[in-house]
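The residues making up each chain are set out below.
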Amino acid sequence: PHCVLRWQEIKDNTPPIIMSTAAAAAPPSRKVPTDQIIVVILLAFAAIIPFTVRLHPLSNGHNNYSEIMPYKLLKPTVADFSSSQQTKKEIEFLENDLESLKKQSTELINELTQLTKQQQFKQVTNNNQVIADTTAKEATNNTQFNKKNKSKDEFTNQSIEIKPDRFAQFTEREPKKWWVRTDLFGSSQQATAPAAVMRNLQQDKDDVGAIIPFDLSVNHLQLVDRAPGSPYTDLTVNEEFLPLVLSSDIAFRWRSKARPESLAQDGVKTTAYQIIARRAAYSDDDESIILWDSGKVNVSDGLPDVVIYNESKMEIGTVIEWKVTVWDASQPNDGGKPSSSDWSKFAVGPSQSEWQGQWISHPIDIESWDETDASAFWASAAMKGTPNQRTACRNWEKRSQLPIFRTKLAALDIPENDDIATALLVVSGLGSFRASLDGKPLSSSGPLDPPFTDFAQRVSYRGFDVTPYLNGDGAKTDHVVGISMGSGWWDHRPIAGSFIRLQFLPKGAVTCVAQINLTYKSGKTEVVIPTGDESSGWQAAKGHLRESSLFTGEYIDLQSKAEFDGWDTAQNWKELYSDPADSGSIHAWVMPQRYVSDTTLAKWRHHLHVKAKAVPLSQQEVPLHKLSPIGRLIPHEAPPVMPMERVYPDEVLNLGGGRWMIDFGKAFSGMLRFESGLPHPFLPAQGYPRGHEVSTLSEDESFITVVYGERLELFTHDINLPLVAGMGLHDGGPRHKSHKSGDAENKGGPCYPKDHIKAGSLLQRDVYILPKTDGGKGSFSGARQSHFTTHAFRFAEVCCTKEPPSDVTALAYRSSFKEWGDFSSSNVRINGGYELVKNALNANLLGIQSDCPHREKIQYGGDIIADSPAALHLYDMSAFYRKVVLDWADQQWDNGAYAGTSYWLMLNDQTGIGSGSGETVWASAPVVMTARHMRHYGDLVFLERTLDKHFKWLSFLQQHFDEGMLRKGYHEELEDYYKSGSGLGDWLGFRYRDTWLTHQGFYMASARSVAYIAEKLGTKGSELNTALEISKLVKDRIARLYLKYNQGFLPPDPRGKFMSPGQEMGLFSRMVPGDRRCNVLRHYFSRIGHTWPGSAEMNFIKHIDWATKESMKASGEITKREGQDAMGWSQWHGFNEGIFAVRYALNTLSESGYHNVALDKATGFGVGTWEYMLSHNATTHWESWWRSEDMYSHNHPMLGASAEWMVSAVAGLELEPTTTGGRDVVFWPRFPNSASTLKYAGATQGTRRGDFAIAWEFVDLPQDKTLYDSAIVQIHIRAYVPPDGKAVLRLPEYRNGEGLDSMLKKALVLLDMNEAILLSDDECTSRRKSKLHGFGYNWEFDQRSMLWMKVNRSKPIGTPCRHFLFHSHLDYVEWDKPIKAPRTSENGVEVILSPGLYDVVVNNWQLTPEVKGANRDWRIGARQEYSEAEDLGPYCADSDSFDWDIGDASHLI
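Being a predicted model, the structure only gives us computed values, none of them experimental. (Residues numbered from 1 in each chain as written. Predicted model: local features only at pLDDT ≥ 70, side-chain atom pairs only at ≥ 80, totals over all residues. Heavy atoms only, no water.)

1. Focus on the side chain of Thr-467
Right, so step 1: Examined against the element boundaries, Thr-467 turns out to sit in helix H8 (residues 467–470).
Right, so step 2: Thr-467 gets classed as buried once you look at its relative accessible area, which sits at 0%.
Right, so step 3: In terms of polar contacts, Thr-467 uses its side chain to reach the side chain of Asp-465, at 2.5 Å.
Right, so step 4: The residues contacting Thr-467, other than those within four sequence positions of it, are Tyr-282, Ile-420, Ala-421, Thr-422 and Ala-423. (Helix = DSSP H or I, 4+ residues; strand = E, 2+ residues; numbered from the N terminus. Buried < 20%, exposed > 50% of the residue type's maximum accessible area, 1.4 Å probe, protein only. Polar contact = N/O pair within 3.5 Å; in protein donor to acceptor, adjacent residues only side chain to side chain. Contact = heavy atoms within 4.5 Å.)

What follows is the structure, given as structure tokens:
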């Protein structure tokens, strides 16, 4: 091995470290000159203390080296080295100089010898030795972990000194269970209301009960009557989304809420339920046909997680209405009082074998394929424009114009004594589709309908209840069904060289499938107009979309749009070939052809297996076929993507030359909507601005372009194009230098869009086109919106018109699940951070959970693991995350490996352990998300469906993990491991990434998750035992290595102390042994920050005035890096962590009693904070903590787990770690030291039970704000537990565990909580619209002075709003008598809370100052006041936190 000798500074009396050159990247403090390299070689073999050199696992050398005796110099010869002539000359040169170097080498050896004699290696502490001995013994007994190990010897690099623990002098608390529960309100918690109250609420004997069932769902899917942002007022059907199920898979669920003015004692829990399902009724005359009546079913534990339908009375095509009645806890002897939900609705769709419709396509689209198209972009030559690529591009251009399909349903011949009972239209299309009936849209969905799946394995279809138009007199008239198409993920423009490698997706001709299932009142059923049946009369034509791309937008032909007006109505129906004018026209109606794949799923998957190296084949194979296979048809698994908000312009700016900039005030995914169309365009005198050039149209065509972007250029203030380049292709443009000019076009291959070359980027752009000549149909006033694309933007430029478009709004799209969580506080920065996360999630939840909504648009496993805690707080993700896991299940290779992305696109596979596996963290997403799903939604059927898949993944890891890690260069004892290895790890933090720890940690998490799932299913066999054994072995392995040298849970090499994640991951995930937790916490507080050399930040410092720079230096925001001014990132007053550690850090601090430190991080300023993003005009979370103008996305939620912490710690509401189905929550509000940081906070958390809520505030604050650091105040807390929920409230106490007197009381009668919510929301909306209370400034670049200026800007983001629990509407609640909870310092007190509203008052709370400072040490330094504190408090010694509980889905990783 080639070695280099590096000296450490002698100040610590540490011996020199000998390391491989591969690991020696950090600058040495002293380095032997290169002309003395022979000395290095000699010293590497002449160590002071003999040791054995161990080979790198990939070395081709001998397995054993003899020990080298000290002081013995070996003269190298040519025979010892390579036979190359160059090496011979080098050796000869070294031999000639050997004599002159001997004297110096002898002196060096003597010096080393003297130093070594002075060093006495010290023993590991007893605790560490116990850990090492125990773990080594267990590991020796396990062949899975030892098959590559001959022994578990100590780290052989003896130059690492086993130092005494720097914090060993502190005596930590004895371990004990800290939190003890008490039932202050009595075991029943059903205090009897006073007689006066009972009289006021005296109800008739037939009055309804105290619990209202609501949010009814079937298979986790809820009916959507109307999308909140829908632009349509003339929808044909009564609902925009009708849940579909298969007759063999029907599961009913609902949630509970309290009836206003009901007694709290009556609403404790549901005691019985009854479900009634009937055939849908459309008029009062319709006979009510009951399909199922469950009867009254008594339940002992309240609301059931699910009610499974196991009968067979629900036929295919039936549209069903259902409701549930529940009985409350009143009148226990009489069974309680009932209350019923409103009627909801779903339909039963066909399974794959029950479909009669077949896939159809336009003939041009079928014929424009060569068999080489499937693999034209697979090979490495894809970047060079091969003949196959050029062929594939020409073929795609033939079919780029999108088709539309229609058929006429003639009047039905129905006997007089019969009628249509229900009519269900089922439709799907690849890429995307929109369905209409008689010229009216059936839904406002469409950009991503169906949602992205592996279309070769499964394709979702929609169902529409068209009964009102086909029964009664409707059956006597003709109707036309229309289907318009986009290319979607199916037949996209074939661009090479992108981030996301679309070439590995299945692809084929744009195609659709449809049929109508009729159910007659007589019981007869019938399928009509199935596609693929010539008798159904389906027609196809090329419509008005010349091109439609998910990434680059649409080319919309307004003349064709006008000519096709009414194409899907009976009035404009024409039989095929009946109009000679259609002859030869691209827009002519023709007979569609059936889509028939010329390959099989097995062949397609085989090629992918080979490409992913998931099979041991040495020779690469590529697919040769025209049309990819299409998977089985399934009902929609998750709510469709629909417009969830109409966003109105915040500002319209005239940029000159006919260019209009529209600022919508926040970023989102969607498109512009022109209700009154567009003005007429003109040609700018100076030519079209960058991004608005269109070179591929004919000269007699005029056009208007709409360019979308999330951020503005610093210098020109127009849209920053490279930042949002679709698929990551851009050349940097005139001001960005990350990529060389012309790179995008070259990498994009022959199909890179010619209209985008001059812009230097793939654009997010819609183009509206119209002939310049008068007299034809169509006008720009007929422009409305693009349909089959979504753009991620805050800003939109319209060009070029003399006037701005009038009546313009934007449609913000996302998957249409329910939003059920919220948070707010008095702190603008924390609120702003919450909004950044929420807005970014809204923009990225589009059928899949994407990383960014413009550049890549795909789902990465690591991103989902990282930010799903925030999404699970904000939304009902029950159906959505079930689909996500099933997406990954489709991508599992035959050997059990999971991919890192879904769909698999060969992204970052090199960072995994091989054999097809994605990076371990990313590939663990499906199993980890299954456990999290159970915690929130309690779906045992889902666990049963996925356990085999997950156990197969764990078996893969068990077989391949250790060997794969060795191949990746990780030594078994982590020799020379001190900075980012192979893997992604804690992505995009400021520190090096501890990829070994994250690989191992998520191997452990996969095992824990399998054990969790098996235990919930009651499995006691191999799955449970194997998973538990593996999880323990991996955990012990981590603890042994990360604690063996008293390094405080960091890698053995002391240089690894700068990596992330660190102690925070070990503490949060229960990897650290219980008796070491407090000690490791001390080590954690010794971590420090550093400086950041990012180009944007360094350039910023060069362009600020002297006074601003001095002010930033005084605050510690600017410091020195190698003598140069640089921005400093902080460990304790900002964020440095990557996508996983940010969650571990915040939660670990707050759970350990250092919530004030977590608040310091959240409210910090400068690079690495939300303040930094907000001050640079962010409205969505960035991909990185630093600023980027041409690479990293500014709409990226992966760092957004902090939103979960805001709810759980800042407000104090989180699901109990071991709960399932969201049944139990913990109220644990934690408070700042000073009211200057925070004066109030509140949150609502939806669960499967109902909506929990908490709010707290400091009361009686002094008017003099300088006393906010020292005043004694009162804390006021309110908490709400919905019917069927359970909760505990952790009473406030100081960090040392000392409690305070608290007074608690419970509401006797519940007022209208919904009214309080509505009133509170209205007040908050008014505050936001005023822009007086939000984040108040921006950094803006002044072009005249060429300086950055801090400018006051009124913005709504971050606006503080008080929680509805403190709204005046609830001031009139009648309370029960207060109960005093005495203070204690022996244990923390958890008060059991049953459903109801609670009020808590804590007196004599002492405010104290936060840590202040104005220098580098304060901002970047450690928290010595905590690392060296005499007492760290009781929480790190809480025995409940020592080990992972098998039922805990929160801390499994």
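2. Details of the sheet that holds strand S57 (residues 1396–1406)
Right, so step 1: With antiparallel pairing, the seven strands of this open sheet are ordered in space as S37-S47-S48-S49-S57-S51-S55. Two strands lie at the open edges of the sheet, namely strand S37 (821–825) and strand S55 (1379–1381), each paired on one side alone. Each strand of the sheet is rotated relative to its neighbour by a mean of 15 degrees, with strand direction disregarded.
Right, so step 2: Alignment of strand S51 (residues 1302–1306) against S57, held across five bridges, turns out to be antiparallel. Each bridged residue has a counterpart across the sheet, and for Lys-1306 the counterpart in S57 is Tyr-1398.
Right, so step 3: Relative to strand S47 (residues 1240–1246), helix H27 (residues 1202–1211) is tilted by about 125 degrees, and along the sheet it contacts S37, S47 and strand S48 (1251–1259). (Pairing = 2+ DSSP bridges. Axes fitted to C-alpha atoms, helices over the stretch in contact; angles between N-to-C directions.)

3. Remarks on the pattern of salt bridges
Right, so step 1: Considering all chains together, one arrives at 70 salt bridges under this definition.
Right, so step 2: Note that Glu-675 and Arg-646 form a salt bridge whose closest N and O atoms lie 3.0 Å from each other. Here the residue Glu-675 occupies a position in the loop between strand S32 (659–674) and strand S33 (701–709), and Arg-646 occupies one in strand S30 (residues 641–647), the gap between them amounting to 29 residues.
Right, so step 3: Between Arg-690 and Glu-713 there is a salt bridge, and its shortest N-O distance comes to 4.0 Å. A residue pair is termed long-range when its members are at least 10 positions apart, and Arg-690 in the loop between S32 and S33 and Glu-713 in the loop between S33 and helix H11 (743–748) qualify at 23 residues.
Right, so step 4: What makes Arg-690 partly exposed here is its relative accessible area of 21%. (Salt bridge = Lys/Arg side-chain N within 4 Å of Asp/Glu carboxyl O.)

4. Some points on the state of the cysteines
Right, so step 1: Taken as a whole and judged by the stated rule, the model has four disulfides.
Right, so step 2: The partner cysteine of Cys-799 in its disulfide is Cys-800, sulfur to sulfur 1.8 Å.
Right, so step 3: In this structure Cys-799 comes out as buried when scored by relative accessible area, which is 0%.
Right, so step 4: Since its relative accessible area comes to 0%, Cys-800 is described here as buried.
Right, so step 5: Listing the disulfide partners of the chain by sequence rank of the bonded cysteines yields 1-2, 3-4, 5-8, 6-7. (Disulfide = S-S within 2.5 Å.)

5. Looking at the environment of Cys-800
Right, so step 1: Structurally, Cys-800 is set in the loop between strand S35 (791–799) and strand S36 (808–815).
Right, so step 2: Spatially, the C-alpha atom of Cys-800 lies 7.1 Å from that of Gly-657, the residues being 143 residues apart in sequence.
Right, so step 3: With residues near it in sequence (within four places) discarded, Cys-800 still touches Gly-657, Gly-658, Pro-681, Phe-682, Pro-684, Tyr-688 and Pro-689.

6. Observations regarding a negative patch on the surface
Right, so step 1: Taken together, the side chains of Asp-822, Glu-1315, Asp-1321, Asp-1322 and Glu-1323 define an acidic patch exposed on the protein surface.
Right, so step 2: Along the chain, the position of Asp-1322 falls in helix H28 (residues 1313–1330). (Patch = residues over 30% accessible without salt bridge, like charges linked within 9 Å, V, L, I, M, F, W, Y side chains within 5 Å. Areas by Shrake-Rupley, 256 points an atom, 1.4 Å probe, with all protein chains shown as cover. Lys, Arg positive; Asp, Glu negative; His and termini not counted. Charge placed at Lys NZ, Arg CZ, Asp CG, Glu CD.)

7. Side note on helix H14 (residues 878–891)
Right, so step 1: With 14 residues, H14 should cover 20 Å at 1.5 Å per step; its first-to-last C-alpha distance of 21 Å lies within 8% of that length.
Right, so step 2: Within H14, 14 of the 14 residues are buried, leaving the element largely enclosed by the surrounding structure. (Expected span 1.5 Å × (residues − 1).)

8. A word on the sheet that holds strand S42 (residues 1090–1092)
Right, so step 1: Read from one edge of the open sheet, three strands run S42-S44-S43, paired in antiparallel fashion. Edge strands, defined here as strands with exactly one partner in the open sheet, are S42 and strand S43 (1118–1121). In this sheet, adjacent strand axes meet at a mean angle of 65 degrees when their direction is disregarded.
Right, so step 2: Sheet strands in contact with helix H22 (residues 1095–1102) are S42, S43 and strand S44 (1124–1129), and its direction is about 125 degrees off that of S44.

9. Some thoughts on the packing of aromatic side chains
Right, so step 1: Following the criterion strictly, the structure yields 67 aromatic pairs and no others.
Right, so step 2: Considering the side-chain rings of Trp-178 and Tyr-1435, the 6.4 Å spacing of their centres and the 85 degrees angle between planes classify their relative orientation as edge-to-face. Separated by 1257 residues along the polypeptide, Trp-178 in the loop between helix H4 (143–146) and strand S4 (179–182) and Tyr-1435 in the segment after helix H30 (1424–1427) bring together distant segments of the chain. For the pair Trp-178 and Tyr-1435, a shared accessibility class is recorded, and that class is buried.
Right, so step 3: Through pairs of rings, three or more aromatic residues link up here, namely Phe-452, Phe-455, Trp-489, Trp-490, Phe-551 and Tyr-595.
Right, so step 4: Across the ring face of Phe-551, the terminal group of Lys-857 is positioned such that the distance to the ring centre comes to 5.7 Å.
Right, so step 5: When the ring centre of Tyr-1337 is taken as reference, the NZ or CZ atom of Lys-1350 above it lies at 4.6 Å. (Phe/Tyr/Trp six-rings, centres within 6.5 Å; stacked < 30°, edge-to-face > 60°. Lys NZ or Arg CZ within 6 Å of the ring centre and 35° of its normal.)

10. A closer look at the environment of Arg-1055
Right, so step 1: In this fold, Arg-1055 is placed in the loop between helix H19 (1022–1043) and strand S41 (1059–1060).
Right, so step 2: For Arg-1055 and Tyr-978, which are 77 residues apart along the polypeptide, the C-alpha to C-alpha distance reads 5.3 Å.
Right, so step 3: Polar contacts involving the side chain of Arg-1055 include one to the side chain of Asp-1053, which spans 2.5 Å.

11. Let's talk about the packing of helix H12 (residues 828–844) against helix H13 (residues 861–874)
Right, so step 1: Interhelical geometry of H12 versus H13 gives an angle of 90 degrees and a closest axis separation of 11 Å. When the interaxial angle is binned, H12 and H13 end up roughly perpendicular. Together, Tyr-834, Val-837, Lys-838 and Leu-841 of H12 and Asp-867, Ala-870, Ala-871, His-873 and Leu-874 of H13 make up the contact between the two elements.
Right, so step 2: Taken together, the residues that form the contact of H12 with H13 break down as six nonpolar, one polar and two charged. (Parallel < 35°, antiparallel > 145°, perpendicular 65-115°, else oblique. Nonpolar A, V, L, I, M, F, W, Y, C, P; charged D, E, K, R; others polar.)

12. Some thoughts on the pairing of S57
Right, so step 1: With eight of 11 residues buried, S57 lies mostly within the body of the structure.
Right, so step 2: Pairing between strand S49 (residues 1272–1281) and S57: nine bridges, direction antiparallel. Along S57, the bridge assignment pairs His-1276 with Val-1401.

13. Side note on the nonpolar core
Right, so step 1: Counting residues in each nonpolar core, the largest one holds 291 residues, and the members touching the most others are Trp-489, Leu-672 and Phe-1227.
Right, so step 2: Broken down by element, this core gets its largest block of residues, 12 residues, from helix H18 (residues 995–1016).
Right, so step 3: Dropping the residues within four chain positions of it, Leu-672 is found in contact with Ile-662, Phe-664, Val-706, Tyr-708, Arg-784, Gln-785, Phe-793, Ala-796, Val-798, Val-808, Thr-809 and Ala-810. (Core = buried A, V, L, I, M, F, W, Y, C linked by side-chain atoms within 4.5 Å.)

14. Section: helix H24 (residues 1141–1151)
Right, so step 1: With 11 of its 11 residues buried, H24 lies for the most part within the structure.
Right, so step 2: Within H24, burial applies to Ala-1141, Val-1142, Arg-1143, Tyr-1144, Ala-1145, Leu-1146, Asn-1147, Thr-1148, Leu-1149, Ser-1150 and Glu-1151.
Right, so step 3: Gly-1153 lies just past H24 and shows a positive phi near 95 degrees.

15. Details of a nonpolar patch on the surface
Right, so step 1: Together, Tyr-992, Phe-1058 and Ile-1088 line one region of the surface with nonpolar side chains, adding up to about 270 Å² of accessible area.
Right, so step 2: The topology assignment puts Ile-1088 in the loop between helix H21 (1077–1085) and S42.

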